Amino acid sequence: IAYAAKDASTDVTSVIDRVVRVAERTPEGQKVVWQKDTPQTLMASIHGDDLAEVLGNLTENAARHARKQVSISARADNGVVVVTVADDGPGIAEEHQADAMVRGRSLDTRKNGTGLGLAIVKHIAALFEAEIKVESEPGKGSTFTVIFKG
């Protein structure tokens, strides 16, 4: 995470396209349908490599937990850029949602995860003063939203 320059700017749509192309080729990614809803161009104040790291971790988790589908969207909204990654997987109980972002704490009981992916997302988001929201309900999937200031 060497790119936390305050003057960084990246086309979110092109990074999403690149990350999804990679995710679709993974074993988990080949098992799900990918849906994208992005404008032709959308700029955010973050370096492209850092955004790719954030989206790579979120999409990898979504593909691993999805039953059938992963959705990724991006939009401009009142001066901020909103990027959302959602899956239709088992979801996260409300009392465990904060734990999902803690370094070294993995909620995935099916695999030997390190618990670093979402902690990295949280760290990069903090460097760029972005906000992360988690919406999840057991049995209904999870939605991770990253909001970048304009």
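Everything discussed here concerns the structure shown above.
The structure presented is a predicted model; accordingly, all values stated were derived computationally and were not measured.

Q: Could you clarify how one ought to interpret the sheet that holds strand β2 (residues 33-37) in this entry?
A: The pairing of strands in a sheet happens through backbone hydrogen bonds and is either parallel or antiparallel. Across the sheet, which stays open at both edges, the 5 strands sit in the order β2-β4-β5-β7-β6 with mixed pairing between neighbours. The sheet terminates laterally at β2 and β6 (131-137), the two strands that pair on one side only. Direction aside, the axes of adjacent strands within the sheet are offset by 10 degrees on average. Where β6 meets strand β7 (residues 141-149), 7 bridges bridge the pair, whose relative direction is antiparallel. Counterpart to K133 in the pairing with β7 is T145. Packed on one face of the sheet, helix α2 (residues 48-65) meets β2, β4 (69-77), β5 (80-87) and β7 and runs near 25 degrees to β5.

Q: Help me understand the nonpolar core in this model?
A: By size, the foremost hydrophobic cluster in this structure holds 36 residues, and its most contacted members are V12, I16, L55, L58, V83 and F148. Put simply, the parts of the chain that give this core at least two residues each are α1 (12-24), α2, β4, β5, α4 (117-127) and β7. The element best represented in this core is α2, accounting for 7 residues. Other than its neighbours up to four places away in sequence, L55 contacts V15, I16, V19, I72, V83 and V85.

Q: Looking at this model, I keep getting lost on unusual backbone geometry. Mind explaining?
A: Glycine aside, negative phi is the norm for most residues, and most peptide bonds take the trans geometry. At N78, a position not held by glycine, the phi torsion is positive, near 50 degrees. Since its relative accessible area comes to 77%, N78 is described here as exposed. Its identity as a non-glycine residue notwithstanding, E129 has a phi of 55 degrees, on the positive side. Residue position: E129 is located in the loop between α4 and β6. The class of E129 is partly exposed, set by a relative accessible area of 48%.

Q: Looking at this structure, I do not really get the pattern of salt bridges. What am I missing?
A: Opposite charge on two side chains permits pairing when their charged atoms draw close. One pass over the structure, following the stated rule, counts 4 salt bridges. Linking R64 and E60 is a salt bridge whose minimum nitrogen-to-oxygen distance equals 3.6 Å. Of this pair, R64 and E60 both sit in helix α2, separated by 4 residues, roughly a single helical turn. On the accessibility criterion, E60 (47% relative accessible area) is partly exposed.

Here is what the cut-offs are and how they apply
Residues numbered from 1 in each chain as written. Predicted model: local features only at pLDDT ≥ 70, side-chain atom pairs only at ≥ 80, totals over all residues. Heavy atoms only, no water. Pairing = 2+ DSSP bridges. Helix = DSSP H or I, 4+ residues; strand = E, 2+ residues; numbered from the N terminus. Axes fitted to C-alpha atoms, helices over the stretch in contact; angles between N-to-C directions. Contact = heavy atoms within 4.5 Å. Core = buried A, V, L, I, M, F, W, Y, C linked by side-chain atoms within 4.5 Å. Buried < 20%, exposed > 50% of the residue type's maximum accessible area, 1.4 Å probe, protein only. Salt bridge = Lys/Arg side-chain N within 4 Å of Asp/Glu carboxyl O.

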